[in-house]
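Coordinate inspection notes
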Amino acid sequence: MAIILDGVVVSHMITSSIKNQVAKMERKPGLAVVLVGDDPASHIYVNAKEEACHEVGIYSRKIILPATTSEMSLLDDIKRLNADAAIDGILVQLPLPDHIDEATVLAAVDPRKDVDCLHPDNIAKYRTQTEKIDLESSLLPCTPKGIIKLIESTGYEIEGKKAVVVGRSFLIGKPTAFLLENRGAVVTVCHSQTANLKEEVLTGDIAIAAVGKKDLITADMIKLGAFVVDVGTNRIGDQVYGDVDFEKVSEVAGYITPVPGGVGPMTIAMLLENTLLLAEQSHP
Ligand code: NAP
């Protein structure tokens, strides 16, 4: 039976430390979250982020814009936040409505306030690192950083392992694969055109599912004792499910992260950690 990794407990240890650090700061770090549209799941995430800021003493500002907001108007808001001295981190909640170009918007965020590390300059900065990246002092995308921290919180050694990442988005799959490789894993990335997903995933000592399809990853795809990280968030009614068939895969895996309560809380903890990091960098 797999060890179930409690992301709530691990993230709480991180946020407690952030709270202590923030309490000692004369100037409180500030995070702005920008949400365009009325996607219910996005509203849940943004509210959770606001609440998490409140808990650790980070100043938070929520900017909710209608789905009809033009790209130009959104860019104006971002320009204002870039110039706002109270704001250290800017998070644009994705996805954006179809009429807005995500790449243009993400590139408009000041790289010094780019709290989810999605600005092209910041992506280039970490992706060109050849040394093992220090998670504490480097700006890295929140969810991938949280995944690595969650794995390493168990003492599990990534170096030398075979890792399979299912999903290749610029937000989750690609940066997670990069960080695993940076820590010495041999990494395979699978996607919607992967012909033999089962065979590929079966080779993984570490299997990361970041797709958004309930029960895509079944027990017969998992190597005995593998470390399984479920990033998937699939909302069906009031319930949230991952991409992994949790019950059956738990019987095969060595470690498994639940949904909810696995990667999700780590993402929020990393958002707070990155806000603090940016505040320290801009006000040394
Ligand atoms: P995304 O941009 O939609 O990417 C999904 C990826 O899955 C794509 O690379 C796609 O391949 C691949 N894919 C689709 N069907 C597949 C299949 N049948 N077999 C193998 N690969 C397949 O999604 P995302 O933004 O990366 O998010 C992934 C999941 O993580 C979602 O459920 C999202 O809600 C969740 N998420 C969770 C957190 C958290 O904190 N827990 C944070 C962010 C996102 P192609 O590239 O070929 O299309």
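Note that the coordinates shown come from a computational prediction; the quantities given were computed from them, not determined experimentally.

**A short note on unusual backbone geometry**
- For the bond from Leu94 to Pro95, the omega torsion is 0°, close enough to zero to count as cis.
- Cis geometry marks the peptide bond from Val259 to Pro260, where omega comes out at 0°.
- With respect to the helices and strands, the residue Pro260 is situated in the loop between strand S11 (255-256) and helix H10 (263-282).
- Its identity is not glycine, yet Cys117 carries a phi of approximately 55°, on the positive side.
- Tracing the backbone through its elements, the reader meets Cys117 in the loop between helix H4 (102-108) and helix H5 (120-127).

**Considering the UniProt feature "domain: Tetrahydrofolate dehydrogenase/cyclohydrolase NAD(P)-binding" (unreviewed entry) in the protein chain**
- The UniProt feature table records "domain: Tetrahydrofolate dehydrogenase/cyclohydrolase NAD(P)-binding" (unreviewed entry) at residues 141-281.
- End C-alpha to end C-alpha, residues 141-281 measures 17 Å, and it is 36% helix and 18% strand.

**What to know about the site of the ligand**
- Taken together, 22 residues are adjacent to the ligand, and Arg168, Ser169, Ser192, Lys213 and Thr267 come closest.
- For the ligand, whose unbound accessible area comes to 930 Å², protein coverage reaches 70%.

**Digging into the sheet that holds S11**
- Taken in spatial order, the 6 strands of this open sheet run S1-S11-S8-S7-S5-S6, and their pairing is parallel. Of all strands in the sheet, those bounded by a partner on one side alone are strand S1 (3-4) and strand S6 (186-190).

**Overview of the nonpolar core**
- Judged by nonpolar contacts, the single largest core of 53 residues is most densely connected at Ile151, Leu180, Ile206 and Ile208.
- A total of 10 residues in this core trace back to one element, the largest contributor, which is H10.
- Ignoring sequence-local partners within four residues, the contact set of Ile206 consists of Ile151, Tyr156, Ile158, Lys161, Lys162, Ala163, Val164, Leu180 and Phe227.
- Formed by 19 residues, the second largest nonpolar core is a distinct cluster that contains Val36, Leu94, Ile100 and Leu118.

**Comments concerning the environment of Gly146**
- Here Gly146 lies in helix H6 (residues 142-152).
- On a C-alpha basis, the gap between Gly146 and Val166 in space is 17 Å, while along the polypeptide they are 20 residues apart.

**A word on the side chain of Asn274**
- Structurally, Asn274 can be placed in helix H10.
- A relative accessible area of 0% means that Asn274 is categorised as buried.
- One polar contact links the side chain of Asn274 to the main-chain carbonyl oxygen of Val115, over a distance of 2.9 Å.
- A polar contact of 2.9 Å, which involves the side chain of Asn274, links it to the side chain of Lys145.

**Thoughts on the packing of H6 against H10**
- Relative to each other, H6 and H10 sit at 115°, their axes nearing to 8 Å. As far as their axial angle goes, H10 and H6 are roughly perpendicular. Once H6 is placed against H10, the crossing between them reads as right-handed. Packed against H6, whose contacting residues are Cys142, Thr143, Lys145, Gly146, Ile147, Lys149 and Leu150, the element H10 presents Val263, Met266, Thr267, Met270, Leu271, Glu273 and Asn274 at the interface.

**Section: helix H1 (residues 7-23)**
- In a regular helix each residue adds 1.5 Å, so 17 residues correspond to 24 Å; H1 covers 24 Å between its end C-alpha atoms and thus fits that length.
- Taken as a whole, H1 has its buried residues at Gly7, Val10, Ser11, Ile14, Thr15, Ile18 and Val22. Down the axis of H1, the buried set is contained in an arc of 125°. They therefore lie on one face. Across H1 from its buried face, at more than 90 degrees, point the exposed residues His12, Met13 and Ala23.
- As for H1, its buried residues are in contact with helix H2 (40-56), H6 and H10.
- The N-cap of H1, judged by a side-chain oxygen 2.9 Å from the amide nitrogen of Val8 a few residues on, is Asp6.

**Some remarks on the state of the cysteines**
- On inspection of all chains with the given rule, the structure shows 0 disulfides.
- Here Cys53 stays unpaired: no disulfide links it, and the sulfur of Cys142, its closest cysteine neighbor, is 11 Å away.
- Looking at the unpaired Cys117, the closest cysteine sulfur is the one in Cys142, lying at 8.7 Å.

Calculation rules
- Residues numbered from 1 in each chain as written.
- Predicted model: local features only at pLDDT ≥ 70, side-chain atom pairs only at ≥ 80, totals over all residues.
- Heavy atoms only, no water.
- Helix = DSSP H or I, 4+ residues; strand = E, 2+ residues; numbered from the N terminus.
- UniProt positions renumbered as here; feature names shortened; annotations may be inferred.
- Near = heavy atom within 4 Å.
- Areas by Shrake-Rupley, 256 points an atom, 1.4 Å probe, with all protein chains shown as cover.
- Pairing = 2+ DSSP bridges.
- Core = buried A, V, L, I, M, F, W, Y, C linked by side-chain atoms within 4.5 Å.
- Buried < 20%, exposed > 50% of the residue type's maximum accessible area, 1.4 Å probe, protein only.
- Contact = heavy atoms within 4.5 Å.
- Polar contact = N/O pair within 3.5 Å; in protein donor to acceptor, adjacent residues only side chain to side chain.
- Axes fitted to C-alpha atoms, helices over the stretch in contact; angles between N-to-C directions.
- Parallel < 35°, antiparallel > 145°, perpendicular 65-115°, else oblique.
- Left-handed = near helix turned anticlockwise from the far one by under 90°.
- Expected span 1.5 Å × (residues − 1).
- Arc of directions from axis to C-beta.
- Disulfide = S-S within 2.5 Å.

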